[in-house]
Amino acid sequence: MTTASRLSELLRSSATEHRGIGAFNVVLLEHAEAIVAGAELAQRPVILQLSENCIRYHGSLAPIAMASVQLARSASVDVFVHLDRAPRSILPRLAEIPGVARVDGRVVGDFRLELPGVTVPLLGRFVSLDGSPDARLDTLFIDEGRSVALGSTNEVVVSELFAHARGLRPGGSIVAVIDGHEVKLRVVGVATSPEYVIAQNPHSGFPDASTFGVFWMDSEALAKAMGMHGEVNDVVVSASGSADLDDVITAVDRRLDPYGGTGAVSRAHQPSANMLDSKIQQYRSMSKFVPFLFLGVAAFLLNLVLSRIVGTQREQIATLKALGYGTGALARHYLLLALAVSGLGGVLGVLLGLGEGELAVRSLMKYFNLPVLVFRFDGPAALAGVVAS
């Protein structure tokens, strides 16, 4: 059985190869065995799906789900087991796990969107909102408008990047095709979320704000539209500071196995956070490499200039030595010249760096759609840079 992050890799690889991944409904165990055998024969990944009718046929979820999960784990190809839902009664059981501070259950679904005059396929990920904004783990940063009113049936908050790409503002509307029914939704707010700083289109595997957006909707309204009253298909867990994250993930996976859990993902491996951390790591590496590069070039040029000055002033140096000036005094003269040039360059570099730092922060905020990013001047680091120069 593959994890959710592995599934993203498979989708991205399939999109690159211009291939699809087969998804087949399982009714009997023999069906699952035949599907996996065919996938192994073709050496292609496959998705096993368990529908409500299948679960109703077997009397409960556990037997067919556990059998499908075991088949997926023992297969020689990547198999992803997808379930439509799990009862909310699983949430208290997850909260009992040692190291778990809090558990939130959500309803999440991807549905086709329709906008007037837009011919390209649009996809929206709908995420349920339950309770007050401060009481949720997935807190939203409302940039414009307001959050959805509890109990509202057609209000949504849209992700800022998609809103800007498609000209959506509070008061506007959009149509979503949810489980085959067209639902007209009213936009009441534009927001950013730490979970979707970078929103990857699940079809292409790449960020594309013009064709993929995230929408937040009242929990009851979304559950009713998806036919999932009293059920969840997505869980967010907060671990206590002293907890071993690997142990928590293992325990969560064990509890969710009977419901076709696709594998818990830590915040470090969550797609949006992972891409953001990778970009920050690139900037951190550049901040260590680029200064040494510039300092090396500056030292080379300064040495070249001083060598030329000394070479053109040999006669003056000889005259001064004849008048009694020692080598140390003459060396101090040229050293002070080098210190004056490097000191002035260091001060100008710090001043220019302040401006460049502000520009870099604004650029990162715009590129990653971050609600807050503070630029701090590091005095000791600047002083160390001037001294090093």
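Residues numbered from 1 in each chain as written. Predicted model: local features only at pLDDT ≥ 70, side-chain atom pairs only at ≥ 80, totals over all residues. Heavy atoms only, no water.

## Some points on the pattern of salt bridges
Filter applied, for reference: Salt-bridge detection follows one rule: a side-chain nitrogen of Lys or Arg within 4 Å of a carboxyl oxygen of Asp or Glu.
The full count for this structure, using the stated rule, is eight salt bridges. Among the salt bridges present, the one from Arg112 reaches Glu114, with a minimum N-O distance of 2.8 Å. Through salt bridges with shared partners, a single ionic network connects Arg106, Glu195 and Asp234.

## Some words on the environment of Pro258
We count it as follows: Elements are defined by DSSP. Helices are runs of H or I of four residues or more, strands are runs of E of two residues or more, and each kind is numbered from the N terminus.
By the secondary structure assignment, Pro258 is in the loop between helix H8 (245-256) and helix H9 (271-312). Distance in space between the C-alpha atoms of Pro258 and Leu61 is 7.4 Å, their sequence separation being 197 residues.

## With respect to the pairing of strand S11 (residues 181-192)
The condition that has to hold: In short, DSSP must find at least two bridges between two strands for them to pair.
The pairing of strand S8 (residues 141-145) with S11 spans four bridges and is classified as antiparallel. Among the inter-strand pairings, Glu144 is bridged to a residue of S11, identified as Val190. Taken together, the five bridges between strand S9 (residues 155-159) and S11 define a ladder with parallel strand orientation. Looking at S11, one finds that Val158 is bridged to Val190. Bridge count for strand S10 (residues 173-178) against S11 is six bridges, and the pairing is antiparallel. Each residue of the ladder has a partner; that of Ile174, found in S11, is Leu185. Here S10 folds back onto S11 in antiparallel fashion, the turn holding two residues, of which Asp179 has a positive phi close to 50°.

## Points about the nonpolar core
The condition is simple: Residues enter a nonpolar core if they are buried and are Ala, Val, Leu, Ile, Met, Phe, Trp, Tyr or Cys, with the set joined through side-chain atoms within 4.5 Å. Burial classification: accessible surface area is computed with a 1.4 Å probe over protein chains only, and a residue below 20% of its type maximum counts as buried, one above 50% as exposed, and the rest as partly exposed.
Residues Val26, Leu48, Leu50, Ile90, Leu94, Ile97 and Val252 are the most contacted members of the largest nonpolar core, which totals 26 residues. Elements with a minimum of two residues in this core: helix H2 (29-42), strand S2 (46-50), helix H3 (52-58), helix H4 (62-74), helix H5 (90-95), strand S5 (100-106) and H8. With 24 residues, the next largest nonpolar core counts Val107, Phe126, Ala176 and Leu185 among its residues.

## A few points about the layout of surface pockets
As a reminder, the rule being used: Put simply, the grid is 1 Å and covers the protein atoms alone, a cavity is a trapped set of points that fit a 1.4 Å probe, a pocket is an open set with protein on both sides within 12 Å along at least five of seven lines, and lining residues have an atom within 4 Å of a point. Grid points are joined across faces, edges and corners, and a volume is the space filled by probe spheres set on the points. Polar here means any residue outside two lists: the nonpolar Ala, Val, Leu, Ile, Met, Phe, Trp, Tyr, Cys and Pro, and the charged Asp, Glu, Lys and Arg; Gly therefore counts as polar.
Considered as a void within the structure, the second largest pocket measures approximately 1900 Å³ in volume. For the second largest pocket, the lining is made up of 39 residues, of which Ser287, Val290, Pro291, Gly349 and Gly353 are closest to its centre. It is helix H11 (residues 327-368) that contributes the most residues to the lining of the second largest pocket, 14 residues altogether. Across the lining of the second largest pocket, the residue classes break down as 26 nonpolar, nine polar and four charged.

## Quick word on the packing of aromatic side chains
Stated formally: Each Phe, Tyr or Trp ring, with Trp reduced to its six-membered ring, pairs with another whose centre is within 6.5 Å; inter-plane angles below 30 degrees give stacked pairs, above 60 give edge-to-face pairs, and intermediate values give tilted ones.
Going through the model one piece at a time under the given rule, you end up with four aromatic pairs. For the pair Phe162 and Phe215, a centre-to-centre distance of 5.7 Å together with 70° between the ring planes defines the contact as edge-to-face. Of this pair, Phe162 sits in helix H6 (residues 160-166) while Phe215 is found in strand S12 (residues 212-218), placing the two residues 53 residues apart along the sequence. Under the relative-accessibility criterion, Phe162 is labelled buried at 0%. For Phe215, a relative accessible area of 0% corresponds to the buried category. Seen from their ring centres, Tyr196 and Trp216 are 6.4 Å apart, and the 70° between their planes marks the pair as edge-to-face. With Tyr196 in the loop between S11 and S12 and Trp216 in strand S12, this pair connects stretches of sequence that are 20 residues apart. Following the ring pairs from residue to residue traces out a cluster consisting of Phe111, Phe126, Phe162 and Phe215.

## Structural notes on the side chain of Thr211
Note the cut-off: What qualifies as a polar contact is a pair of N or O atoms within 3.5 Å, subject to a donor-acceptor requirement within protein and to the restriction that residues adjacent in sequence count only when both atoms come from side chains. Whether two residues are in contact is decided by their heavy atoms: any pair within 4.5 Å suffices.
Structurally, Thr211 is set in the loop between S11 and S12. With relative accessibility at 14%, the residue Thr211 sits in the buried group. At a separation of 2.9 Å, a polar atom in the side chain of Thr211 contacts the side chain of Asp208. Every residue in contact with Thr211, bar those within four places of it in the chain, is listed here: Pro121, Leu122, Leu123, Phe162 and Asn201.

## A closer look at the packing of H9 against H11
For any two helices packed against each other, the geometry comes down to the angle between their axes and how far apart the axes lie. The criterion, for reference: The axes used here are C-alpha line fits, helices contributing only the stretch in contact, and every angle between their N-to-C directions lies in the interval 0 to 180 degrees. Orientation labels follow simple angle bins: below 35 degrees gives roughly parallel, above 145 gives roughly antiparallel, 65 to 115 gives roughly perpendicular, and whatever is left gives oblique. The hand of a helix crossing depends on one turn: near helix anticlockwise from the far one by less than a right angle means left-handed, and clockwise means right-handed.
Running from amino to carboxyl end, H9 crosses H11 at an angle of 155°, the nearest separation of the two axes being 12 Å. With respect to H11, the element H9 is oriented roughly antiparallel. Where H9 crosses over H11, the handedness of that crossing is right-handed. Contacts from Leu276, Lys279, Tyr283, Leu302, Leu306, Ile309 and Val310 in H9 reach Tyr334, Leu337, Ala338, Val341, Leu364 and Phe368 in H11.

## Observations regarding the packing of H9 against helix H10 (residues 314-322)
Their axes nearest at 4 Å, the elements H9 and H10 cross at an angle of 65°. For the pair H9 and H10, the contacting residues are Val310, Gly311 and Thr312 in the first and Arg314, Gln316 and Ile317 in the second. Of the residues in the contact of H9 with H10, the class split is two nonpolar, three polar and one charged.

## So, the pairing of strand S7 (residues 122-129)
Burial within S7 is extensive, with eight of its eight residues counted as buried. Both faces of S7 are covered, namely the face carrying Leu122, Gly124, Phe126 and Ser128 and the face carrying Leu123, Arg125, Val127 and Leu129. In this structure, strand S6 (residues 108-114) lies alongside S7, joined through six bridges in antiparallel fashion. Along S7, the bridge assignment pairs Arg112 with Leu123. Pairing geometry for S7 and S12, over seven bridges, is parallel. In the strand pairing of S12, Val127 is matched with Trp216.

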